[in-house]
Amino acid sequence: MEPPDGGYGWVIVACSFMLNNTTFGIFLSFYRKNACMSPPFFDSLTIFPGATDTDFAFIGGLSVSTAMICAPFVNYLSKRFNFKVPLVIGLLFLVTSQVFAGLSTRIWELFLTQGIMFGMGLGFLWIPALPLTNQWFSKKRALAGVSYFAIGSGAGALTLSLTTQVIIQRLGLKWAFFINALISLAILVPVIFLLKSRVRIIQAKFEPIQYQMLLHPGFLYVWLWGFFINLGYILALYTLATYSTSGLGFTQAQGSSLQAILAAGQMVGRPIAGTVMDRFGRINVAAIVTFISGLSCLVIWMFSRTYGLLAFFAVVQGMFGGIFWGASGPVTTEIVGLTDLGSALSILWLTVAIPCTFAEPIAVWLLHYSQNHLHRSGADAFLSSIGFAGASFIVASLVLLGAKRWKQKNWKVFVKT
């Protein structure tokens, strides 16, 4: 039975938007400077004494990778009971993790609360929700999935990061955690109630782990795309503000504003990408957008020495860099179909857990290597990290062309795929 391409599907899109809004991009971009080192928010090293840049880099990656690792457990619960069971568990993890993070005073406690517990909340909420928009839409699948679903993360990063900064300044980090926990609870309870699945109608499968998917001749290219694109995206996402403050000497406010600009770019770019994907082919556009993301790192970010040029890069990266998180569902559906989508996505999330964990620590290691062995300083010390991000994006775009080749059985460039 064909998806309705509308109707209650738009309620699903609105709920998915709010779910994404409340889960992604709340605190992590503020830890490295605001919570540990820099006045005027806190006295130096009073919140998490002894913490290093690498520690906070791992927390950011750990939360996302933990979410991805939850995929088999989420699929098992969805298959055994109902997709709302993992959603409720995710809500409990998300809220309690922020409360416990607010009570944390040691870096290992933050690893447990904001790294692992928060990551489990992300996984148990986001993974069962992502396939839903694909179940309700066909012709407008990318518009619904990439646009309105995915821009929730951009809206959340823009609004919650700015409000969180104000709360940190006025009330402190602890109350920022507590208040955001209450916001999450108030928004996600009605969202979970309103979400509906068409899994019985389309007879979808939710196998915890289907290892044979790794060698599926078309899906192989999709998960390799996910692996490489997230090496570039996570690195760029978490390094941009640090590059502006540590590399170029901009103020903390300017660094935070760049994160806001990047988030605004997501809100503008993803609806455009979704519309274009439905018109010209979901795999085609995903590959092109991925390539543009890499080019922006190598051509714009690499040579950015002024705030204006760096802001321009933030816009471009915001519009194109996070394409995977919205396009993964529609692109995977093109390869494996709706019936096997849940099972395929479970494997996809497991494969991207590694780059999500280690992308930012790799950036920190490359930075330290440039400083200590290549004797670079300032913005030049970040060149290796920027080059690594750009190369990862470009490799990802080339890999995805393999999925296009498998789908259409030839190398014709101008075929809608």
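Residues numbered from 1 in each chain as written. Predicted model: local features only at pLDDT ≥ 70, side-chain atom pairs only at ≥ 80, totals over all residues. Heavy atoms only, no water.

Visitor: Quick question: what am I supposed to make of the overall build of the protein chain here?
Guide: Looking only at helices and strands, one finds 17 helices and zero strands in the protein chain. The proportion of buried residues among the 417 residues of the protein chain is 61%. Residue pairs in contact within the protein chain that sit at least 24 positions apart in sequence constitute 84% of those at least 6 positions apart. Of the accessible surface of the protein chain, which amounts to about 16100 Å², a share of 70% is contributed by carbon and sulfur atoms. (Helix = DSSP H or I, 4+ residues; strand = E, 2+ residues; numbered from the N terminus. Buried < 20%, exposed > 50% of the residue type's maximum accessible area, 1.4 Å probe, protein only. Contact = heavy atoms within 4.5 Å. Areas by Shrake-Rupley, 256 points an atom, 1.4 Å probe, with all protein chains shown as cover.)

Visitor: What should I look at first to understand the confidence of the model for the protein chain in this one?
Guide: Caution applies to low-pLDDT parts of the model: their predicted coordinates are not meant to be read in detail. Overall, the predicted model of the protein chain reaches an average pLDDT of 83, with 87% of residues at or above 70. Note that residues 27-45 has pLDDT below 50 and, in this model, 55 contacts with residues that lie over four places away or in other chains. (pLDDT = per-residue confidence, 0-100.)

Visitor: Looking at this structure, how should I read the side chain of Ser-293?
Guide: Of note, Ser-293 is situated in helix H13 (residues 282-299). The exposure class assigned to Ser-293 is buried, which follows from its relative accessible area of 0%. Residue contacts for Ser-293: discarding those within four places in its chain leaves Gln-317, Phe-320, Gly-321 and Phe-393.

Visitor: How do you make sense of the packing of helix H6 (residues 107-136) against helix H15 (residues 323-336) when you look at a structure like this?
Guide: To describe two helices that pack against each other, one gives the angle between their axes and the distance between the axes. Their axes nearest at 10 Å, the elements H6 and H15 cross at an angle of 55°. As the angle between them shows, H6 and H15 are arranged oblique. Judged by the sense of rotation from one axis to the other, the crossing of H6 with H15 is right-handed. Where H6 abuts H15, its residues Trp-126, Leu-130 and Asn-134 lie against Trp-325, Ser-328, Gly-329, Pro-330 and Thr-333. (Axes fitted to C-alpha atoms, helices over the stretch in contact; angles between N-to-C directions. Parallel < 35°, antiparallel > 145°, perpendicular 65-115°, else oblique. Left-handed = near helix turned anticlockwise from the far one by under 90°.)

Visitor: I'm lost on the environment of Gly-172 in this one. Help?
Guide: Looking at the secondary structure, you find Gly-172 in the loop between helix H8 (151-171) and helix H9 (173-194). It is 9.6 Å that separates the C-alpha atoms of Gly-172 and Gly-102, two residues lying 70 residues apart in sequence.

Visitor: Would you take a moment to explain a nonpolar patch on the surface for this structure?
Guide: Nonpolar side chains collect at one region of the surface, where Val-11, Phe-193 and Leu-194 lie side by side and expose about 280 Å² of accessible area between them. In this fold, Leu-194 is placed in helix H9. Taking the relative accessible area as the measure of exposure, Leu-194 reaches 34% and is therefore partly exposed. (Patch = residues over 30% accessible without salt bridge, like charges linked within 9 Å, V, L, I, M, F, W, Y side chains within 5 Å. Salt bridge = Lys/Arg side-chain N within 4 Å of Asp/Glu carboxyl O.)

Visitor: Explain the packing of H13 against helix H14 (residues 307-320) to me, please; I cannot follow it from the model alone.
Guide: Running from amino to carboxyl end, H13 crosses H14 at an angle of 160°, the nearest separation of the two axes being 9 Å. By the criterion of interaxial angle, the relationship of H13 to H14 is roughly antiparallel. Classified by chirality, the crossing of H14 by H13 is left-handed. For the pair formed by H13 and H14, the contact residues are Val-289, Ile-292, Ser-293, Ser-296 and Cys-297 on the first element and Phe-313, Val-316, Gln-317 and Phe-320 on the second. Its residues assigned to classes, the contact of H13 with H14 comprises six nonpolar, three polar and no charged. (Nonpolar A, V, L, I, M, F, W, Y, C, P; charged D, E, K, R; others polar.)

Visitor: Just checking my understanding: could you explain the environment of Thr-245 for this structure?
Guide: By the element assignment, Thr-245 lies in helix H11 (residues 219-247). Spatially, the C-alpha atoms of Thr-245 and Gly-378 are 9.6 Å apart, while their sequence positions differ by 133 residues.

Visitor: Would you mind going over the side chain of Ser-385 with me for this structure?
Guide: Along the chain, Ser-385 falls in helix H17 (residues 383-408). When near neighbours in sequence (up to four residues on either side) are disregarded, Ser-385 contacts Leu-235, Ala-363, Leu-366 and Leu-367.

Visitor: Please explain the nonpolar core as it appears in this structure.
Guide: Within soluble globular proteins, side chains that are nonpolar generally end up buried alongside one another. Membership of the largest hydrophobic core comes to 96 residues, with the highest contact counts inside it found for Phe-219, Trp-225, Trp-301 and Trp-349. In this structure Trp-349 touches Met-68, Ala-71, Trp-126, Ile-127, Leu-130, Phe-324, Trp-325 and Ser-328, once residues within four positions along its chain are discounted. Within the second largest apolar cluster, 10 residues are counted, among which are Ala-101, Leu-110, Ile-168 and Phe-177. (Core = buried A, V, L, I, M, F, W, Y, C linked by side-chain atoms within 4.5 Å.)

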